[in-house]
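# Secondary and tertiary structure notes
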Amino acid sequence: MTIADFRATGAEGTRAPYRPAAIAAAVAGALMMALGAGVAARLPWQALGEHVEARSWPVAEASIRSVSLSQRSYAPATGDAPATGLVLAVTYEYDVDGTVREGRRASFADRAGPHDRRLKTLYSRLNFALVTGRTVPVSYDPGDPGNAVLDTGFDWRQVAPAAGVGLAAFLLGLRLALSARRAARVREDC
């Protein structure tokens, strides 16, 4: 009697029982996938969307009126304990279709940790423009010209570690879940 004959004579309804190790691997895989999805959900997707959208905004020339970089305590948006960091404050004017507008946002993240180079470099660039009287490019929303930003850059270095951990946890969980399923199929075929 061949394996095909054995299956044809009534074995099609029986399955090999899952072993506790396969169940544990499947549960661990599901938990790792959930952890990875949770980490991905906490990434700044809205800021990334603004950044991508702002890259297509029209550009005007802005005159810097004032700029300052200070170290302050502030309450993070996450509701955690107050943090100390750098805060960039800027005021500038730009012209859109003959209307002079005032802007106050330098970038999508005008607050950063106390040793943030990006904010310090942006401050230096804006302060140089203020002192020399040079203009700087400003991107503005064509649907709402009062919504403008001087630097449309996105700091990938802050997002990359969390994104990497989330992706690694999700892929590891997927591998665990699929390996438990694959082990069960191998036992069924035997």
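Preceding this paragraph is the structure being described.
Overview of the structure. (Residues numbered from 1 in each chain as written. Predicted model: local features only at pLDDT ≥ 70, side-chain atom pairs only at ≥ 80, totals over all residues. Heavy atoms only, no water.)

### Things to note about the overall build of the protein chain
Counting its secondary structure elements, the protein chain contains five helices and six strands. Among the 190 residues that make up the protein chain, the fraction classed as buried is 28%. Restricting the contact set of the protein chain to residue pairs at least 6 apart, pairs at least 24 apart contribute 70%. Counting only carbon and sulfur atoms, one obtains 58% of the accessible surface of the protein chain, whose full area is about 12100 Å². (Helix = DSSP H or I, 4+ residues; strand = E, 2+ residues; numbered from the N terminus. Buried < 20%, exposed > 50% of the residue type's maximum accessible area, 1.4 Å probe, protein only. Contact = heavy atoms within 4.5 Å. Areas by Shrake-Rupley, 256 points an atom, 1.4 Å probe, with all protein chains shown as cover.)

### Some thoughts on a nonpolar patch on the surface
On the surface, a nonpolar cluster with roughly 420 Å² of combined accessible area is contributed by Leu167, Phe170, Leu171, Leu174 and Leu178. Summarising the element assignment, Leu174 is placed in helix 5 (residues 156-189). Accessibility expressed as a relative area gives 30% for Leu174, which makes it partly exposed. (Patch = residues over 30% accessible without salt bridge, like charges linked within 9 Å, V, L, I, M, F, W, Y side chains within 5 Å. Salt bridge = Lys/Arg side-chain N within 4 Å of Asp/Glu carboxyl O.)

### Remarks on the packing of aromatic side chains
Applying the stated criterion to the full structure yields two aromatic pairs. A centroid spacing of 6.0 Å and a plane angle of 35 degrees characterise the contact between Tyr92 and Tyr94, whose relative ring orientation is tilted. With a relative accessible area of 0%, Tyr92 lands in the buried category. Among the residues examined, Tyr94 registers a relative accessible area of 1% and is labelled buried. Relative to Tyr140, the ring of Tyr94 has its centre 6.4 Å away and its plane inclined at 25 degrees; by these criteria the two rings are stacked. Highlighted residues: Tyr94 in strand 2 (residues 83-96) and Tyr140 in strand 5 (residues 135-141), separated in sequence by 46 residues. Pairwise contacts between aromatic rings join Tyr92, Tyr94 and Tyr140 into one cluster. (Phe/Tyr/Trp six-rings, centres within 6.5 Å; stacked < 30°, edge-to-face > 60°.)

### A word on the nonpolar core
Counting 21 residues, the largest nonpolar core has Ile64, Val90, Tyr92, Tyr94, Leu126, Val138 and Leu150 as its most contacted members. Contributing elements (two or more residues each) for this core: strand 1 (59-74), strand 2, helix 4 (117-132) and strand 5. Among the elements that line this core, the one with the most residues is strand 2, at six residues. (Core = buried A, V, L, I, M, F, W, Y, C linked by side-chain atoms within 4.5 Å.)

### As for the pairing of strand 3 (residues 99-103)
Pairing analysis gives five bridges linking strand 2 to strand 3, with the strands arranged antiparallel. Following the sheet pairing, Tyr92 is matched in strand 3 by Gly103. Turn length for the strand 2-strand 3 hairpin, with the two strands adjacent in sequence and antiparallel, is two residues, and the turn residue Asp97 shows positive phi of about 55 degrees. (Pairing = 2+ DSSP bridges.)

### With respect to the side chain of Ser139
Relative to the assigned elements, Ser139 resides in strand 5. Owing to a relative accessible area of 10%, Ser139 belongs among the buried residues under this scheme. Those residues within four positions of Ser139 in sequence are excluded, and the remaining contacts are Ala54, Trp57, Pro58, Val59, Asn147, Ala148, Val149 and Thr152.

### Comments concerning the environment of Leu31
Looking at where Leu31 falls in the secondary structure, it is placed in helix 2 (residues 20-41). Among the residues examined, Leu31 registers a relative accessible area of 58% and is labelled exposed. Each C-alpha atom of the pair Leu31 and Ala169 lies 9.2 Å from the other, and the pair is 138 residues apart in sequence.

### What to know about the environment of Val149
Examined against the element boundaries, Val149 turns out to sit in strand 6 (residues 144-149). Classification of Val149 by relative accessible area gives buried; the value is 0%. Placed 41 residues apart in sequence, Val149 and Phe108 show a C-alpha to C-alpha distance of 7.4 Å. Val149 has contacts with Trp57, Tyr92, Arg105, Ala106, Ser107, Phe108, Val138 and Ser139, leaving out every residue within four places of it along the chain.

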